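A closer look at the structure
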Amino acid sequence: MKITNAKLLVALASLSLALTACKENYFVEEKYDELLIRSFPVGSVNPNHTWAVFGSATLQAHVNGDSGKKYRVAIYQEDPLTASYVTLLASSEAVGGQTAVLHFSYLLAQPTVYVACRDENSHQVVMSRKVVNGETIDLSFAGTEDGTAATAQEHSNTYRFCFEDQFPHPGDYDFNDCVITVNPVVSGKNVTVRVVLNAVGTNKQIAAAMRIKGLMPDAVVAGTNTFVDYAASYESMRYVTPVMNDKGETFFYVNPETGLGKDARGNQINDLVVSLFNDAHWAMSKADAGGNNQYMHAYFYNTMDKRLAGDERGRIATPTVITLTMTLDSEEHAQLFNDIMNYDMFVIEKYSNRLWEVHTYPFKFDQVLKEYENYTDKLTPYISNPTKNYPWALLVPGTFLYPNEWQSICGYSNTTGSETKNTKTAYKMFRSWAINPGSVVEEVKQWYLKENIEDIQLVWQ
Ligand SMILES: [Ca+2]
């Protein structure tokens, strides 16, 4: 039996699986593999799966119109010439003769985007373009005088992060332990990010923070950042500042003196990190604190409808909204906020007496706020080994209906080593997507639209 001294997973020594043959503080890689494989509902996950629903691209729009006039370049998910409502992916202004540079993300299943160049008289020219992930698109607009009148109403896009709370231990894969929705609006150098805590489907304490990959904190113009409902200074934005309950308890604390952590490749992380909340239960409903606010009830918020389930552990609460505004030192930096793939939203949870960060797959092994241990080298096989790409968090469109409490996202279980179909399933096509992420079948590519309505939480969408 191969024994790997991986401090990362020392925690797993306390698991209830058969680890009797190994010493304390030693991790049996094969046993962990076996546990993961049997816990994840899909038995044959594609080894190259990245769990990405969105892609990223850059647009360089050359506006060759009148140099004395302003133009607005906007990227939409739908065709503004035919649709009444269109989803805005990014926008920027330019005067004639200038080039507008926009960063944006788009649904991989809907790779055609529509780029509108609009003049001050609301005349617009629209071009459509099929996007390839990671590319820079060049488009030239000759002029808008003969353009059509812009009539479609636009709305900004929303994105939803759905977390499991047990990393590195396998979860129950209901992906509702913490549900956070992000709605960024970028206007020139000004950025507004509306962050909504929709659901807390765990009885553990969960903190959350948001890192913007590639954005140095000093790109934020000092004194321009605000939280609605949170008084945050520039420094407290960068580090997790404890949001204390009335008793002054601060479960999670990251000392700014220790600096930030490192990514999976050992590079120092110097990106902007925004503290969102320190205790999801507290953030969701302070009214549910115990007597004299001495402790927090760990109810399940918006993952169970107690009126239907008859389960007293469930609560329905108004989602908590955190609005972050800031001015960046350049439009280019502000544009980073349009690309959701730059958002490393993560939760912090305690497992086996230490704190862990739970990230979406692209950032899975990053340690943003604190290095757990100096184990970078030991992570290499975990990143490259095909059996190690299980997700603990999903990034999906903002309209995604997360599963009910304890309802696997997939509807299969794999505990005996072979898949068993459950009577209930939340997303019928998730399994097909997990096995074949490159499927050309529309229902598989857009698995997140194919919910089984009876097993989905409908209280808050
Ligand atoms: Ca849950």
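Residue positions are given per chain, counting from 1 as you read along its sequence in written order. Only residues with pLDDT of at least 70 get local features here, since the model is predicted, and only at 80 or more are side-chain atom pairs given and counted; chain-wide, interface and lining totals rely on the full set of residues.

**Topic: the overall build of the protein**
Heads up, the rule is: Numbering of helices and strands starts at the N terminus; helices are DSSP runs of H or I of at least 4 residues and strands are runs of E of at least 2. Counting other C-beta atoms within 10 Å of each residue's C-beta, where C-beta atoms are placed from the backbone, gives the exposure class: buried for 20 or more, exposed for 12 or fewer, partly exposed between. Distance between backbone-placed C-beta atoms decides contact: two residues are in contact if it is within 7 Å.
A count of helical and extended segments in the protein gives 8 helices and 23 strands. Counting only residues that meet the buried cut, the protein has 41% of its 461 residues in that class. In the protein, of all internal contacts separated by at least 6 residues, the share reaching a separation of at least 24 is 70%.

**Focus: unusual backbone geometry**
Of note, the amide linkage connecting phenylalanine 167 to proline 168 takes the cis form, showing an omega dihedral of 5°. Mapped onto the elements of the fold, proline 168 is located in the loop between β10 (159-163) and β11 (178-187). One non-glycine residue with positive phi stands out, namely serine 122, at about 65°. Given 13 C-beta atoms within 10 Å, serine 122 falls into the partly exposed group. Its identity as a non-glycine residue notwithstanding, tryptophan 406 has a phi of 65°, on the positive side. As for its position among the elements, tryptophan 406 is in the loop between β21 (393-397) and β22 (412-413).

**Quick word on the pairing of strand β6 (residues 123-130)**
Rule in force here: Strands are treated as partners if at least two bridges between them are detected by DSSP.
Here 7 bridges tie strand β5 (residues 112-118) to β6, and the two strands are oriented antiparallel to one another. From the neighbouring strand, valine 113 faces β6, where its bridge partner is arginine 129. Once β5 ends, the chain turns through 4 residues before running back antiparallel as β6, passing serine 122 with a positive phi of about 65°. As defined by bridge partners, β6 adjoins strand β8 (residues 148-149) across 2 bridges and the pair is classed as antiparallel. Residue pairing across strands places histidine 123 opposite alanine 149, the latter belonging to β8.

**Focus: the nonpolar core**
Our working rule: Nonpolar core, as used here: buried Ala, Val, Leu, Ile, Met, Phe, Trp, Tyr and Cys residues forming one set through C-beta atoms within 7 Å. Each domain span listed reflects an automatic or database assignment of domains.
The biggest cluster of nonpolar side chains holds 110 residues, and the ones touching the most others in it are Val73, Ile75 and Ala208. Residue assignment places this core across two domains, with domain 2 (55-156) and domain 3 (159-406) each supplying three or more. Other than its neighbours up to four places away in sequence, alanine 208 contacts Cys178, Ile180, Leu276, Phe277, Ala280 and Val347.

**Brief notes about the sheet that holds strand β15 (residues 272-277)**
Heads up, the condition is: Here an angle of 0 to 180 degrees is reported between the N-to-C directions of two axes, which are lines fitted to C-alpha atoms, with helices fitted over the stretch in contact.
Pairing in this open sheet of 4 strands is antiparallel, and the strands run β15-β13-β19-β20 from one edge to the other. Edge positions in the open sheet fall to β15 and β20 (354-359), since each of these has one partner strand only. The sheet shows a mean angle of 30° between the axes of neighbouring strands, direction not considered. In the sheet, strand β19 (residues 343-351) pairs with β20 via 6 bridges, with the strands oriented antiparallel.

**As for the environment of tyrosine 448**
Following the sequence through the fold, tyrosine 448 ends up in the segment after α8 (442-445). A C-alpha to C-alpha distance of 9.4 Å links tyrosine 448 and tyrosine 402, two positions 46 residues apart in sequence. Sequence-distant contacts of tyrosine 448, that is, excluding residues within four places in its chain, are made with Val53, Val396, Pro397, Phe400 and Tyr427.

**Some thoughts on the sheet that holds strand β2 (residues 70-76)**
Strand order across the open sheet formed by 6 strands is β8-β6-β5-β2-β3-β9, with mixed pairing between neighbours. In the strand order of this sheet, the two ends are held by β8 and β9 (153-156), each with one partner. In the sheet, strand β3 (residues 85-95) pairs with β9 via 4 bridges, with the strands oriented parallel. Bridge pairing in β9 links valine 86 to glutamate 154.

**Details of the confidence of the model for the protein**
As a reminder of what qualifies: Confidence per residue, as judged by the predictor, is encoded in pLDDT with a range of 0 to 100.
Per-residue pLDDT for the protein averages 79, and the proportion of residues at 70 or more is 73%. Here residues 253-258 is a poorly scored stretch, pLDDT under 50, and it has 7 contacts once near neighbours within four places are set aside; other chains count.

**Focus on the environment of alanine 100**
The residue alanine 100 is located in strand β4 (residues 99-107) in this model. Residues alanine 100 and leucine 59, 41 residues apart in the sequence, show an inter-C-alpha distance of 7.8 Å. Setting aside residues up to four positions removed in sequence, alanine 100 forms contacts with Ala61, Val63, Val73, Ser92 and Ala94.

**Details of the environment of lysine 189**
Turning to its location among the elements, lysine 189 is positioned in the loop between β11 and β12 (190-199). Each C-alpha atom, one on lysine 189 and one on glutamate 332, is 8.0 Å from the other, the two residues being 143 residues apart in sequence. Aside from chain neighbours lying at most four places away, what touches lysine 189 is Thr327, Leu328, Ser330, Glu331 and Ala334.

**Things to note about the pairing of β21**
Within β21, 4 of the 5 residues are buried, which leaves the element mostly enclosed by the surrounding structure. For β10 and β21, the ladder comprises 5 bridges, and the chain directions are antiparallel. Counted as the bridge partner of cysteine 162 is leucine 394 from β21.

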